[in-house]
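If you want the building blocks of each chain, they are given just below.
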Amino acid sequence: MAVYRYRALTPNGVIVSNRIEENSRSAVIKKLKRNNLTPISIQEQIAITKKPVKTNKRNIKDIEDIMKNVNTSSIIKDREKNRESYIQKINNALAKTEKITTRDLVIFTQNFYLLKKANFNNIHALQTIIGSTENYIFKGILEDILAGVEAGENMYTTMEYYEDVFPYIYVNMIRVGELSGSLTNSLQQAVKYLDNSADLNKKLRNILIPNIVQLVLLLVMLVVGTLFAIPAIQNVFDAVGSTDTLPTVTLWFKDFLNILIQFWYIPTTIIVGIAIAIVMYIRTPKGKYNFDYFKYTMPIFGELIFSLDFSRLVKAMLLNLNNGMRIQEALEVSKGISKNYVMLSLIETSINNILIGESWIDPFEKSGLASSMITEMLKIGMQTDLAEMMEKLVEYMEIDINNIMDKIMQVLPQVVYSIVGAVLIFFVLVVLVPCLQVYMGTFLFSAAGY
């Protein structure tokens, strides 16, 4: 056993330091995490032998003893104040509010890919990146990953503990790369995945957010105008003795809102009940499967979602095949690339088909989700060179995905504009037409008996 000196961040943002005796650095980090301490640095001090330890050295053997001594943080803080600069003090104070962003993950992946491409091993690459990481929280996570690698673990096993930091698909890309021996290629795919996701999210935000804001404002104006402007206009008609009446659609919507306000608890209960029922159904295996199938068949986005999942599967299989795996093993390793129950069931069926001597391509063909071009290219690959055909298939699917995204970017604005336009027309009929009646003054003719 060895003694490790650690510096860690408490949930309150206080940096504490102490010693702990453990078998490995990985075990130290896991104990600290279980006690809500985020590791900042861990250094091995001395190796514990059977010789008696001097009384002037403190060796804490149990994590509970460590937590009892956390009260000495005030002494540690005073010592740190004498060592740290004002900038470091400010950084430490802000560390408790620091969050791990997508940008942090992108920078880490890009740097790790470049270092691996330069023939750095995993330990050296992680140590280099940790030294330049400014985010305290993310730095602690990377040190945890490094400790696992030093203990002989794969990186993805530690990343799975941080599912709120590393996306599921990202972790499985790293997993495929490590198990297939092609981590550099997997990192390249991960970089592209993060960039494409960020690009797609940016495009969707640029289309949806402005139109959603317009839609919300129109709905607010519609409700406020119906509840306040319409009664005021009706009072003006009554005050001058006009026989003119408001448009039928205006009166109908006004009565509808009044009833909705009076019995608000009924629609609220119905909506909440429906939402709870849907959530509970989706949590069942059958409901999850049906919901995932809907994702692949839904209008506008369904084809894109399936193409992205299938493309990742093909890329993962290609890495495995290039490193000497059989098709069954490649499917086994690659099946975690998607959380969609439909895709997982197709992969499992393909594996079973291989075991009974049937084609592994049949489940994808019979599902009706994969295009005939994709399945035919895979069949040709089985008769010639599957890895080479999969490389061509990846190129084809990337072009196809780009075309699908271009179509979505053309169709989606039209759909959103149609919804906003329909609400705008309804607003004009309900609110603006009565306002124009008042502005034009036509109601005064009927008030005067004309």
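So, here's what we can say about the structure.

## Considering the overall build of the protein
The helix and strand tally for the protein stands at 20 helices and three strands. In the protein, the share of contacts with a sequence separation of at least 24, taken over all contacts with a separation of at least 6, comes to 64%. Summing over all exposed atoms, the protein offers an accessible surface of approximately 25,500 Å²; the carbon and sulfur share of this is 59%.

## Concerning the nonpolar core
Generally speaking, soluble globular proteins have nonpolar side chains that are buried together. Core analysis: the biggest nonpolar cluster contains 65 residues, and F108, F166, F310 and W360 have the highest contact counts within it. The residues contacting F166, other than those within four sequence positions of it, are L105, F108, F138, I141, I145, M159 and V171. Counting 14 residues, the second largest nonpolar core, distinct from the first, contains L204, M405, I408 and V423.

## Details of the pattern of salt bridges
What the rule picks out here adds up to 11 salt bridges. Among the salt bridges present, the one from R312 reaches D309, with a minimum N-O distance of 3.1 Å. Taken together, the residues span about one helical turn, with R312 and D309 both in helix α14 (residues 302–322) at a distance of three residues. Of the two residues, R312 and D309, both sit in the buried class. A salt bridge links E376 to K379; the nearest nitrogen and oxygen atoms lie 3.9 Å apart. With a gap of three residues between them, E376 and K379 both fall in helix α18 (residues 372–383), about one helical turn apart. On the basis of relative accessibility, which here comes to 39%, the residue E376 falls in the partly exposed class. The exposure class assigned to K379 is partly exposed, which follows from its relative accessible area of 26%. Among the ionic contacts, a cluster of salt bridges with common partners joins K192, K315 and E398.

## Digging into the packing of helix α10 (residues 183–240) against α14
Relative to each other, α10 and α14 sit at 170°, their axes nearing to 11 Å. Comparing their axes, α14 and α10 come out roughly antiparallel. From α10, N185, S186, Q189, Y193 and L200 reach across to α14, where they touch L304, R312, K315 and L319.

## Things to note about the environment of D255
As for its placement among the helices and strands, D255 is situated in helix α11 (residues 248–262). A residue is classified by how much of its surface remains accessible, and D255, at 42% relative accessible area, is partly exposed. When the C-alpha positions of D255 and L227 are compared, they lie 9.8 Å apart, and in sequence the two are 28 residues distant.

So, how was this worked out
Residues numbered from 1 in each chain as written. Predicted model: local features only at pLDDT ≥ 70, side-chain atom pairs only at ≥ 80, totals over all residues. Heavy atoms only, no water. Helix = DSSP H or I, 4+ residues; strand = E, 2+ residues; numbered from the N terminus. Contact = heavy atoms within 4.5 Å. Areas by Shrake-Rupley, 256 points an atom, 1.4 Å probe, with all protein chains shown as cover. Core = buried A, V, L, I, M, F, W, Y, C linked by side-chain atoms within 4.5 Å. Buried < 20%, exposed > 50% of the residue type's maximum accessible area, 1.4 Å probe, protein only. Salt bridge = Lys/Arg side-chain N within 4 Å of Asp/Glu carboxyl O. Axes fitted to C-alpha atoms, helices over the stretch in contact; angles between N-to-C directions. Parallel < 35°, antiparallel > 145°, perpendicular 65-115°, else oblique.

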